[in-house]
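Results of the structural survey
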Amino acid sequence: MSRIGKLPVQFAADVNVSANGNVITFAKGKNSVDLDTKGNVAFSIDGNVLTFATLSDARTHRAFWGTYRALAANIVTGLTTGYTKALEINGVGYRAAVNGKVLNLQLGFSHDINYELPEGIEATVEKNVITLKGHDKQALGQVAAEIRAFRPPEPYKGKGVKYAEETIVRKAGKTSKK
C-alpha cells in the first residue's frame, strides 16, 4: 500500500503558503491557488515544509491523505516551474495559429475553430506543434484534451491532433481481392 501522504511537501522561500481553516493558499507573484481540504485531512505548515496527516485510520481518510498531498505538491511544482504539454497536428492543410488569447485551428472542417484559451494558459505554435504552458496541471490537461477532441487521430493515416508523446496504433487498410 502506498504511503505517499507521509512525504512532506517542500516549497521554496518565494512561495507563500498560508492556511485559513480548511483552505491552504499558495501564492507566488501574481499567481495564487487555493486548495480546499474540506476537513478530510489534518495539515501543518512549518517554515518551508507542509505535512499532511490522516484524521483516522479509515480507508477514505487514508485515501484523502495521499490525494491532498499530491495536489499540494502539484500546485507547488506548477507555481515554481510550471507545466507544459505539447500537441502535434498531422494532416494535409491542418494548421494552427495563436492570436492573443484565441487559438485558431484549421482541421479540415468547412470552418475554422477559434478556441478561447482560459486564464493562466498560454499557447505557442511552431510548424505543426502546439505548446501549452500553465501553472495549473488540471486546467492544462483539460485544455489539451479539449483541443485534441476537435479532431482525434484516426488509425489509418494518423491524421488529427495527438499528444506529442502519444503513439497511434495503426491499422492496415483494405486489401484488394484476387
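A few points on the structure.

Procedures and definitions
- The residue numbering used here restarts from 1 in each chain and proceeds along that chain's sequence as written.
- The predicted nature of this model means local features are confined to residues of pLDDT at least 70 and side-chain atom pairs, given and counted, to a pLDDT of 80 or more, with totals for whole chains, interfaces and linings taken over all residues.
- Where side-chain values are given, they derive from all heavy atoms of the structure, hydrogens and water being excluded.
- Secondary structure elements follow DSSP: runs of H or I of four or more residues count as helices, runs of E of two or more count as strands, with numbering from the N terminus.
- All radius of gyration figures rest on C-alpha atoms, and the globule criterion is 2.2 Å times the number of residues raised to 0.38.
- Think of it in three bands: with a 1.4 Å probe and only protein chains considered, a residue is buried below 20% of the maximum accessible area for its type, exposed above 50%, and partly exposed in between.
- What makes two residues a contact is simply this: any of their non-hydrogen atoms within 4.5 Å.
- In this description, strands pair whenever DSSP reports at least two bridges between them.
- Every axis corresponds to a line fitted to the C-alpha atoms, with the helix fit spanning only the stretch in contact, and the corresponding angles, defined between N-to-C directions, vary from 0 to 180 degrees.
- A helix's residues, less one, multiplied by 1.5 Å, set its expected span.

1. Some remarks on the overall build of the protein chain
A tally of helices and strands in the protein chain yields 2 helices and 13 strands. Expected size for 178 residues packed as a compact globule is a radius of gyration near 16 Å; at 21 Å, the protein chain overshoots this value by more than 25%. Considering the protein chain as a whole, with its 178 residues, one finds that 29% of them fall into the buried category. By sequence separation, contacts in the protein chain at least 24 residues apart represent 49% of the contacts at least 6 residues apart.

2. So, the sheet that holds strand β9 (residues 102–106)
Sheet architecture is open: 3 strands sit in the order β8-β9-β10, paired in antiparallel fashion. With one partner strand each, in any of the chains shown, β8 (95–99) and β10 (113–116) form the two edges of the open sheet. The mean inter-strand angle of the sheet, taken between neighbouring strand axes irrespective of direction, is 20°. The sheet contacts of helix α2 (residues 137–150) involve β9 and β10, and relative to β10 the element is tilted by about 170°.

3. Looking at helix α1 (residues 59–80)
Between its first and last C-alpha, α1 extends 32 Å over 22 residues, near the 32 Å set by a 1.5 Å rise per residue. Burial in α1 covers these residues: Trp65, Gly66, Tyr68, Arg69, Ala72, Ala73, Ile75, Val76, Gly78 and Leu79.

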